[in-house]
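Structural characterization, general
Spelled out, the chains give:
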Amino acid sequence: MVANADALSVYRDLLPNPRRAARLTERSLSGFVLLLGVRGRTPELAHHTVYFPTDYDAEFDAVFGRPARPARPALDPTIFVTVADDPSTRPEGCEAWFVLVNAPPQGHDETSVDWRAPGVADTYADRVLATLATRGADVRDRVLFREIRTPADLEEATVTPGGAIYGTPRHGRTGLFRPPNQGAARGLYLVGGSTHPGGGLPMVALSAEIVAGGIGPAS
């Protein structure tokens, strides 16, 4: 059996193992995503464009709730934009934008962000677009539609507590000692960004390769 749910979900909910689950309760940051249909073309953009804030530390202080404050969406976040020059992703004369910012994971207490609360997601989407405008990429009057994916959506869609895209944080011992791909039960394998060797598409692909090798060649 191969589980691509977050390792915490596996060891807390699916195959309870308190000892292993206890090591995974700290959550990494998540992501807030806008999927935009944009009228016209923006030739100055590369396939990937990153718009950095003036105060990078303040962004992560907000996301991780430092110092001694509740976590909160960053007011001036780093904004990662992908605009694929691929006709299959858009009608002629338009663009498909993928916009990602770092965000606190979905929370369930007063010290965290409830992305499901009325107005929270739409208000922050407006903030992200306004921030893009201040950095020279104002598309607000060109947006034909937008869809929002919050950490709460990621939590629900991927069985990942908090929508934490890297599982446990990628710092300190929790980042170095991720759950192994061979699970705690015979015949169980774990795959994905919360397990060895880590998050991000290249690492997830390596995770899948490791698991495939552990299972053995297809008959």
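Residues numbered from 1 in each chain as written. Predicted model: local features only at pLDDT ≥ 70, side-chain atom pairs only at ≥ 80, totals over all residues. Heavy atoms only, no water.

In terms of nonpolar packing, the biggest core is built from 27 residues, with F32, L34 and W97 touching the most fellow members. Breaking this core down by element, the ones donating at least two residues are strand 2 (30-39), strand 4 (79-83), strand 5 (94-103) and helix 4 (120-134). Sequence-distant contacts of F32, defined by excluding residues within four places in its chain, comprise V99, L100, V101, A103, W115, A121, Y124, A125, V128, I148, R149 and T150. Membership of the second largest hydrophobic core comes to 10 residues, among which are A3, A7, L8 and Y11. (Core = buried A, V, L, I, M, F, W, Y, C linked by side-chain atoms within 4.5 Å. Buried < 20%, exposed > 50% of the residue type's maximum accessible area, 1.4 Å probe, protein only. Helix = DSSP H or I, 4+ residues; strand = E, 2+ residues; numbered from the N terminus. Contact = heavy atoms within 4.5 Å.)

Further remarks concern the sheet that holds strand 5. Here we have five strands laid out as an open sheet, ordered 3-4-5-2-6, and antiparallel in their pairing. The two strands at the open ends of the sheet, each matched to only one other strand, are strand 3 (48-51) and strand 6 (143-149). Taking each pair of neighbouring strands and ignoring which way they run, the sheet shows an average axis angle of 20°. Lying over the sheet, helix 4 contacts strand 2, strand 3, strand 4, strand 5 and strand 6, oriented at roughly 65° with respect to strand 2. (Pairing = 2+ DSSP bridges. Axes fitted to C-alpha atoms, helices over the stretch in contact; angles between N-to-C directions.)

Quick look at the packing of aromatic side chains now. The final tally for this structure, using the stated rule, is six aromatic pairs. For the pair F32 and Y124, a centre-to-centre distance of 5.0 Å together with 75° between the ring planes defines the contact as edge-to-face. One end of the pair, F32, is in strand 2; the other, Y124, is in helix 4, and 92 residues separate them in sequence. We classify Y124 as buried; its relative accessible area is 6%. With centroids separated by 5.2 Å and ring planes inclined at 90°, the aromatic side chains of Y56 and F60 adopt a geometry described as edge-to-face. Separated by four residues within a single helix, Y56 and F60 lie in helix 3 (residues 56-63), roughly one turn from each other. By relative accessible area, which is 40% here, Y56 ends up partly exposed. A connected cluster of aromatic rings, assembled from ring pairs, spans F52, Y56, F60 and F64. (Phe/Tyr/Trp six-rings, centres within 6.5 Å; stacked < 30°, edge-to-face > 60°.)

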